Structures are given as structure tokens and as C-alpha cells.
Amino acid sequence: MPARRGTGSRALVAALLVALALGVSGSAAAQTTAALPGPPPKPAVVDARLGLHPDKTRFVLELSDAVPFTVTVAANPYRILVDLPELIWPGGGVPMEGKGLVSRYRYAVAEPGTLRVSFETVGPAKVREAYWLPARDGHQPRLVLDLERVTPADFQRVAAAAPPEPKSAARAANATPSPAPFAPLPSLPPAQVVPVAIPVAPPVATAPPAAPKAPSLVEKPLVMLDPGHGGADPGAVGVGGLHEKDITLAAAKEAKRQLEATGRYRVRLTRDKDVFVRLRDRVAIAREADADLFISLHADSIGSGSMRGLSIYTLSDKASDREAEMLAAKENRADAIAGMDLSGENQLVASILIDLAQRDTMNHSKRFAKLALDNLGREVTLIPSKPHRQAGFAVLTAPDVPSALIEMGYLSSKQDANLLVSAGHREKLGRALARTIDAYFKWLSGAKRD
């Protein structure tokens, strides 16, 4: 099982921030009597990030300790506001660029003891879900907010919802984790803001340090399947009016079913219905989810009906060089590699670090492609010339997620088209893909041991 991306660095940042807070508190206590200890250290922000999903924008705030929170909405302009106790958050007061529904976000002290995170949204939006994830797998407790777009009328209905009965901030802060939800902080009265009731799931109490998990409890690898095209983008149109977007979605769902049936993998789709997802967003979805492998499924069409067969693409060296240049640009350095912030590095150093990460990722991608052709070639026809090809597809440019694009056949070929609409053929493809993924992670485990 490959190590999770960025978990070690985030845990280290958390430890340093908490140690800093404890050190400040301890020095203050040394100047007082033992009967008057200093206040407990404030929770520290380890990481804050926005992630794109087909139907929502997700905000994750990783903290050294779980805290109570409330959510409110505001109009003119549209905003979502989250109130928390004061936190140690280096640099968080500077407006940060958004993604998806969020145009930008920042925090400010709303009143003594209360910090407010303000999300400016591109239109009316609401929080679909808000919950805590307990500390695990090298992560500290994480507050997760799922934001979704709503109509103006729906926004007004959300704003009209009655708030929960408030309890004091002191009671909420002093409460120990228990099966009951956290008590919300008192709602603040900003203009045009109406409190919205949000279910707050309690974090599970963090256990004391224990022995490493048994292998059976290690988190399963996450495979991200990407059905090409979708929504307003039908992709290739084949014989009989077949749309590539329908073929790829059906194939991805079958592959997901078979992979999950093995019990060895977690599997997600970049889209699970007929919706349009931008190419860069597909890569962002995989990176945000900490995917261990990204596989994009397609079915091409050309002018000749005689050309048929499966092929697989990985990122070309030239495309990799261009991507490294782009990622090394100042506005793209932050979080370019597994949570590493390269914004403090000069252009040359950032380019070298990104290039090294990409080379390793590309080698893993090429290994997967070789294994895929070995296994898929037993089940389906491969194109006669160079079935492993390299190109600069945008969906292959994640610098830290091994990625491959599989062209399952040609919709312009009547024979391939008839196969790709067949459930039996898609089942064969799914079996071969599952064997490939088994072989890849077996190879990866051996490579890590070496």
C-alpha cells in the first residue's frame, strides 16, 4: 500500500504549531505561580484546502484539535460564513483564491474569542453537509464542508430556516468529546445574515499512541476512474449515433463494481452521471482525494471504419516538461507536489523539484501501461501498431498521481462499437482491468521494499 500523499508533512506542521503554542504558554506559566497556570493553547490549523467534485465544492480544514462551529449565510454578495473559536492560523487572514463555487475565502476575528471564515461564492449556495472526521491515517481532525449551488428561491428558503437553540461558547469549549453533537457557538448578528441549522457530527476521541495498525487495517488504495466527456460534451460519435460519453460511463461503472467486489480497493468516479466536468477539474478531483491511481476511459472515432483495437496513453516527456514549467510559475507552486508549498522557492528549484516528482510518477504510469497491455491484450484486440503511446492529454498531468488514458476501441468501427455496447464485453474489460490493478500494486509494494 503506497504511503498517503502529504500526511507526514501535515502531521509535522501540526506538531510544530502545537509545540509552538505550548512553548508560549509554558514560558508565560513559568513567570506565575503554580496555582495560576496559563490558558490552554489554541487549536492550530494544519491545512486548509478546497476540492472540486462533479456536484459540489469541498472545503477541508485540518486542525490540531476538533472545535465547535456554526454556519450562516449572507446575501449581497452571496457568502457562506463559518464561526469557530480563535485558532492559530498563519497566513489565513490573507484572501485566498477559490475553486468551483468559491471565488475566494479568508478569515477575520468577528469578536473576541471568535474567528469567522468567509467564503465568497459565485452565486447562491448552501452547505449541503458539515461534519468532523476524526484523527486517523496521519491526519489531524478535519472539518469538512460540502458546498452546493442552489437557486435564488432555494437560497431564500435556506436562509429562512430556524437556527438551533444556542448554548454558551464556554460550555462548548469545555465539553469533552462524547456521543452527543458539539454545542454550537452563539450565532453572531451580522447584517443580512440568517443562521442556518447544520448537523455537526462529533469527532471521535483520539486514542493515545498505539502500536502500528495490522496490515488488514491499512487503508485500501484509492483508484480514481474517469469516464471521458459528459453532459454538453458527447465526445466521439460513432456508428449508429453512439456517444462516447455513454460508453465511457457504462464501462467505468462496471469496472468500479468489479474492483469493489475484490474488497481490495476504494474506487471513485470523477462523474457518475451525464454531467460535464472540465479536464483540469478531473485531475483536481483525483489529487484532492489523494488517489493512488488515475485511469481515464475513452473510445475514439476516426474516418476509417477498418481501424479498431485498444490502446493506452501515458504522459509524454515533452508534455511533462511543459507542465513542469506551468506548475513552477509563481501562481501555481503552492501544493504542486503532495502538499508541498514551493512558493518560497525560486523558479529553478521549483522546476527541478516538480520535474523529479513527475519523472517518478511517469515511471509508475508507464509500468501500469505495460501491465495493462499484458492483461487487457488477453481479452480484447489491441491496435496493431504501438498500443502504448505517449501524448500531452490534460487529464494525465497530475505530477503526483500515476495516470493512464485507455482508448477502449474505435466507435467508428462497427465491430468495436458492437462490443463496447455489450455488457459482456464491458465485464471482460473490467476483469482485465482488475487484474492489471492487482499486478500494479503488487509491483509497487515490491518496488517500495527494494
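Look up a bit, the structure's there.
Residues numbered from 1 in each chain as written. Predicted model: local features only at pLDDT ≥ 70, side-chain atom pairs only at ≥ 80, totals over all residues. Heavy atoms only, no water.

**Considerations on the overall build of the protein**
How we decide: Helix and strand assignments follow DSSP, with helices taken as H or I runs no shorter than four residues and strands as E runs no shorter than two, numbered in order from the N terminus. Residue contacts are defined here by distance: any two heavy atoms, one from each residue, within 4.5 Å place the two residues in contact. All accessible-area figures derive from a Shrake-Rupley calculation using a 1.4 Å probe, and residue coverage is judged against the displayed protein chains alone.
In terms of helices and strands, the protein carries 9 helices and 18 strands. Sequence separation of 24 or more characterises 72% of the internal contacts of the protein that already satisfy a separation of 6 or more. Put simply, the protein shows about 21,400 Å² of open surface, and 57% of that area lies on carbon and sulfur atoms.

**A word on the side chain of Glu 244**
Stated precisely, the cut-off is as follows: Relative accessibility decides the category of a residue: with a 1.4 Å probe and only protein chains considered, values under 20% of the type maximum give buried, values over 50% give exposed, and everything between is partly exposed. A residue counts as positive if it is Lys or Arg and as negative if it is Asp or Glu; His and the chain ends are not included. Basic side-chain nitrogens of Lys or Arg form a salt bridge, by our definition, when they fall within 4 Å of a carboxyl oxygen of Asp or Glu. We define a polar contact as two N or O atoms separated by no more than 3.5 Å, with the added condition that, inside protein, one atom must be a possible hydrogen donor and the other a possible acceptor, whereas residues neighbouring each other in sequence contribute only through side-chain atom pairs.
Examined against the element boundaries, Glu 244 turns out to sit in helix α4 (residues 244-261). The charged side chain of Glu 244 is buried without a salt bridge, its nearest counter-charge being Arg 271 at 8.5 Å. One polar contact links Glu 244 to His 229, side chain to side chain, over a distance of 3.1 Å. Separated by 3.3 Å, the side chains of Glu 244 and His 298 make a polar contact. Non-local contacts of Glu 244, meaning those with residues more than four positions away in its chain, are made with His 229, Pro 234, Gly 235, Ala 236, His 298, Ala 299, Asp 300 and Leu 411.

**A look at the environment of Asp 65**
Within the secondary structure layout, Asp 65 lies in the loop between β2 (56-63) and β3 (70-74). With a relative accessible area of 43%, Asp 65 lands in the partly exposed category. For the pair Asp 65 and Gln 140, spaced 75 residues apart in sequence, the C-alpha to C-alpha distance is 7.3 Å. If near-sequence neighbours (up to four positions away) are discounted, Asp 65 is found in contact with Pro 43, Trp 132 and Pro 141. A distance of 3.5 Å separates a polar atom in the side chain of Asp 65 from a polar atom in the side chain of Ser 64.

**Examining the nonpolar core**
Going by this rule: Residues belong to one nonpolar core when they are buried, are Ala, Val, Leu, Ile, Met, Phe, Trp, Tyr or Cys, and are joined through side-chain atoms within 4.5 Å.
Residues Ile 295, Phe 368, Ile 406 and Ile 437 are the most contacted members of the largest nonpolar core, which totals 37 residues. Secondary-structure elements contributing two or more residues to this core are β11 (222-227), α4, β12 (266-269), β13 (293-300), α7 (347-376), β18 (403-410) and α9 (423-449). Per-element tally for this core: the top contributor is α9, with 8 residues. In this view, Phe 368 contacts Leu 293, Ile 295, Ile 312, Ala 404, Leu 433, Thr 436, Ile 437 and Tyr 440; residues no more than four positions away in its chain are not counted.

**Brief notes about the sheet that holds β2**
Picture the strands of a sheet paired through backbone hydrogen bonds; they go either parallel or antiparallel. Applicable threshold: We call two strands paired when DSSP finds no fewer than two bridges between them. Only C-alpha atoms enter the line fits that serve as axes; for helices the fit covers just the stretch in contact. Angles between N-to-C directions range over 0 to 180 degrees.
The sheet built from 4 strands is open, its strands ordered β1-β2-β9-β8 with antiparallel pairing. Each edge of the open sheet is held by one strand with a lone partner, namely β1 (45-53) and β8 (125-133). On average, each strand axis in the sheet is inclined to that of its neighbour by 15°, with strand direction left out of account. With 8 bridges joining them, β1 and β2 adopt antiparallel strand pairing. Bridging across to β2, Leu 50 finds its partner in Phe 59. On the sheet, helix α5 (residues 279-288) packs against β1 and β2 and is oriented at approximately 140° with respect to β1.

**Details of unusual backbone geometry**
Note the cis peptide between Asn 76 and Pro 77, where omega equals 0°. Residue position: Pro 77 is located in the loop between β3 and β4 (79-85). Of note, Asn 76 is a non-glycine position whose phi angle comes to about 55°, a positive value. In this structure, Asn 76 sits in the loop between β3 and β4. In this structure Asn 76 comes out as exposed when scored by relative accessible area, which is 65%. Its identity as a non-glycine residue notwithstanding, Asp 290 has a phi of 60°, on the positive side.

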